[in-house]
Amino acid sequence: NESLAFVNLLLEAINQLAVPIYVALTMRSDFIGDCAQFPELTQKINDSHYLIPQMTREQKKLAIEGPVAVGGGVITPRLVQQLLNDVGDNPDQLPIMQHALMRTWSFWTRHNSGDEQLDIRHYNAIGRMKEALSLHANEAYDELNKRQKKVCELMFKALTEAGNENSGIRRPTALKTIAAIAGVSEDEVIKVIDRFREPGRSLLMPPYGVALQSDTVVDISHESLMRNWNRLKVWVQDESASSNMYLKLSDASENYQMGKTGLWRMPDLQLAINWREEQRPTLVWGQRYNPAFERAMVFLETSELAYKTEQVNKEKLQRRN
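Residues numbered from 1 in each chain as written. Predicted model: local features only at pLDDT ≥ 70, side-chain atom pairs only at ≥ 80, totals over all residues. Heavy atoms only, no water.

Next up on the list: the overall build of the protein chain. Check the secondary structure of the protein chain and you find 15 helices and five strands. Computed over its C-alpha atoms, the radius of gyration of the protein chain comes to 26 Å, more than 25% above the 20 Å expected for a compact globule of 321 residues. Taking the principal axes of its C-alpha atoms as reference, the protein chain extends roughly 90 × 60 × 35 Å. Across the 321 residues in the protein chain, those meeting the buried criterion constitute 36%. The contacts of the protein chain with a sequence gap of at least 6 include a subset with a gap of at least 24, amounting to 64%. By element, 52% of the accessible surface of the protein chain is carried by carbon and sulfur atoms, the whole surface being about 19300 Å². The centroid of the 38 positive side-chain charges in the protein chain is displaced by 7 Å from the centroid of its 41 negative side-chain charges. (Helix = DSSP H or I, 4+ residues; strand = E, 2+ residues; numbered from the N terminus. Rg over C-alpha atoms; globule rule 2.2 N^0.38 Å. Buried < 20%, exposed > 50% of the residue type's maximum accessible area, 1.4 Å probe, protein only. Contact = heavy atoms within 4.5 Å. Areas by Shrake-Rupley, 256 points an atom, 1.4 Å probe, with all protein chains shown as cover. Lys, Arg positive; Asp, Glu negative; His and termini not counted. Charge placed at Lys NZ, Arg CZ, Asp CG, Glu CD.)

Written out as C-alpha cells, the structure is:
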C-alpha cells in the first residue's frame, strides 16, 4: 500500500501539475519486471525507457587511469590490463573494481618507495578483486570484541536477505529495530556500525559523519558486499535457514489452531527445539517474517510438553510392567 501511494503521487505530479515535473528513476534491470504491478507506471516507463549500455574496454581503461592521474599517481600498463581482465564483461564487477582500486591506492600511498608506480604487487597485497572486499570487511570485524561480533552478526542478518538464485537483497532497517533484534542498546549497535563506515571503509550507510538516531535507516552500501564477503554469505544462508524454520513452525501453529493438524512430533520437534536454542529468536525478529510469533512459540512449547509427558507415561508403564 505504501509503494502504491508513492507511485500514485509521482504519477499525479507528472500528469496534473501546471509546471512540468520530470522524474528520473534508476533501477537494476532484474527488478524492472516488478514495475508491472503498477499499470500506469509501466506505461510511463515504456514511453521513456533507457537501458544503460555496458562500458567498453576503453571506457573502463579511462575509468581506471583517469582518477589515478588526477590524484597525481601513475599506474603501470600491466596492472591496467590485469584489472581489465579481472573485471571482464560483467557490469556487476564494476563496484568491486572501484573498491579494489581504492584499496590499491591506499596501500600504494602507505608503502610506495620513492617514485614507484601503482603496480601488480600493490594490487596483490589487497587481495585483488576476488578478495579485496572480503578482506576489508574482515578487518573491521576483527577489530570488534566478542560481544560486538555477535551484535555485528545479528545486524548484518537483519540488513540482508537471501534472494533467488543465490542473489542477496538489501533490507534497510531502522537502528532501533536492529537493537531490538540483537537485544542490546542502540549505543552498542552504533559502535559496531561506526567500524564499518569510518573513513576509507564505507561499507554501511549513512556515511561517516552523519549522526545516528533511533529512526535512522541503516543499509549496506552495495549488494556486492553480500556476494563477496565470505563471512556475510554464511550469515545470509544461516538467516535464510532460520527464517524458513520459523515460517514452517508458524504455518503449523496456524493449522493447529484451525484444527487441521496435530502437535509436532519427532524428528521435526527436535529440529525446532534445536533451532530455538541456537538462534534464540526474539519477538521483533519473528514479526518481520510472520506477525504471529507468540502463537508459533506457544505451539512449539505445547508440542515439547506433550512429547515429554508422553515419554514420562511410557516410562511409568514400562516400570509397572
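Within the largest apolar cluster, 51 residues are counted, with the highest numbers of intra-cluster contacts made by Met155, Phe156, Val189, Phe196, Leu225 and Trp229. Excluding anything up to four places from it in sequence, Phe196 contacts Ala137, Ala140, Tyr141, Leu144, Cys152, Phe156, Arg201, Ser202, Leu203, Leu204 and Trp229. Counting residues in hydrophobic clusters, the runner-up holds 17 residues, among them Ile181, Leu249, Trp285 and Ala296. (Core = buried A, V, L, I, M, F, W, Y, C linked by side-chain atoms within 4.5 Å.)

Examined against the element boundaries, Glu223 turns out to sit in the loop between strand E5 (217–220) and helix H11 (224–228). Other than its neighbours up to four places away in sequence, Glu223 contacts Arg28, Gly168 and Arg170.

This paragraph deals with the layout of surface pockets. By volume, the largest pocket is sized at about 1300 Å³. As for the largest pocket, its lining consists of 35 residues, of which Thr26, Met27, Arg28, Tyr50 and Ile52 are closest to the centre. If you list the elements that add at least two residues to the lining of the largest pocket, you get helix H1 (2–16), helix H2 (39–48) and helix H5 (94–111). In terms of residue count, the dominant contributor to the lining of the largest pocket is H2 (five residues). (1 Å grid on protein atoms, 1.4 Å probe; cavity = no way out; pocket = protein on both sides within 12 Å on 5 of 7 lines; lining within 4 Å. Points joined across faces, edges and corners; volume = space filled by probe spheres on them.)

Read from one edge of the open sheet, three strands run E3-E5-E4, paired in antiparallel fashion. A single partner strand is all that each edge strand has here, and the edge strands are strand E3 (173–174) and strand E4 (204–205). Contacts between helix H8 (residues 146–159) and the sheet are confined to E3, E4 and E5, with E5 contributing the most and set at about 85° to the helix. (Pairing = 2+ DSSP bridges. Axes fitted to C-alpha atoms, helices over the stretch in contact; angles between N-to-C directions.)

With that settled, consider the pairing of E5. When E3 meets E5, the two strands line up antiparallel, connected through two bridges. Directly across from Thr173, in E5, lies its bridge partner Val218. Of the strand pairs in this sheet, E4 and E5 are connected by two bridges, and their pairing is antiparallel. Looking across to E5, one finds that Met205 is bridged to Asp219.

The interhelical angle for the contact between H5 and helix H7 (residues 128–142), taken along N-to-C directions, is 65°, at an axis separation of 9 Å. Considered as vectors, H5 and H7 are oriented roughly perpendicular to each other. Between H5 and H7 lies a crossing whose hand is left-handed. Along the contact surface, H5 presents Ile96, Met97, His99, Ala100, Met102 and Arg103, while H7 presents Met129, Ala132, Leu133, His136 and Glu139. Tallied by class, residues from the contact of H5 with H7 come to seven nonpolar, two polar and two charged. (Parallel < 35°, antiparallel > 145°, perpendicular 65-115°, else oblique. Left-handed = near helix turned anticlockwise from the far one by under 90°. Nonpolar A, V, L, I, M, F, W, Y, C, P; charged D, E, K, R; others polar.)

The next point concerns the side chain of His136. Along the chain, His136 turns up in helix H7. Residues contacting His136, with those up to four places away along its chain left out, are His99, Met102, Arg103, Gly200 and Arg201.

Its place among the elements puts Val184 in the loop between helix H9 (175–182) and helix H10 (186–195). On the accessibility criterion, Val184 (15% relative accessible area) is buried. Expressed as a C-alpha distance, the spacing of Val184 and Arg147, which sit 37 residues apart in the sequence, is 10.0 Å. When neighbours within four sequence positions are excluded, Val184 is seen to be in contact with Arg147, Val151, Ala179 and Val189.

Proximity of charged atoms lets side chains of opposite charge pair with each other. The tally for this structure, following the rule as stated, stands at 21 salt bridges. Among the salt bridges present, the one from Arg121 reaches Glu116, with a minimum N-O distance of 2.8 Å. The closest approach of N and O atoms between Arg195 and Glu143, which form a salt bridge, is 3.1 Å. Separated by 52 residues along the polypeptide, Arg195 in helix H10 and Glu143 in the loop between H7 and H8 bring together distant segments of the chain. On the basis of relative accessible area, Arg195 is assigned to the partly exposed category, the value being 33%. (Salt bridge = Lys/Arg side-chain N within 4 Å of Asp/Glu carboxyl O.)

Okay, the packing of aromatic side chains next. Any pair of aromatic rings gets described here by the distance separating the centres and the angle formed by the planes. Taken as a whole, this structure holds 14 aromatic pairs when the rule is applied. Summarising the aromatic geometry, the rings of Phe156 and Phe196 are spaced 5.2 Å apart at their centres and angled 70° between planes, so their arrangement reads as edge-to-face. Taken together, the positions of Phe156 in helix H8 and Phe196 in the loop between H10 and E4 put the pair 40 residues apart, joining distant regions of the chain. Judged by its relative accessible area of 0%, Phe196 is buried. Ring geometry for Tyr246 versus Phe293: centroids 5.9 Å apart, planes at 40°, classification tilted. You can see Tyr246 sitting in helix H12 (residues 230–257) and its partner Phe293 sitting in helix H15 (residues 293–320), a full 47 residues away along the chain. Here Tyr246 matches Phe293 in class, with each residue buried. Through a chain of ring-to-ring contacts, the aromatic side chains of Tyr141, Phe156, Phe196, Trp229 and Trp235 assemble into a single cluster. (Phe/Tyr/Trp six-rings, centres within 6.5 Å; stacked < 30°, edge-to-face > 60°.)

In short, shape yes, function no, at least from these values alone.
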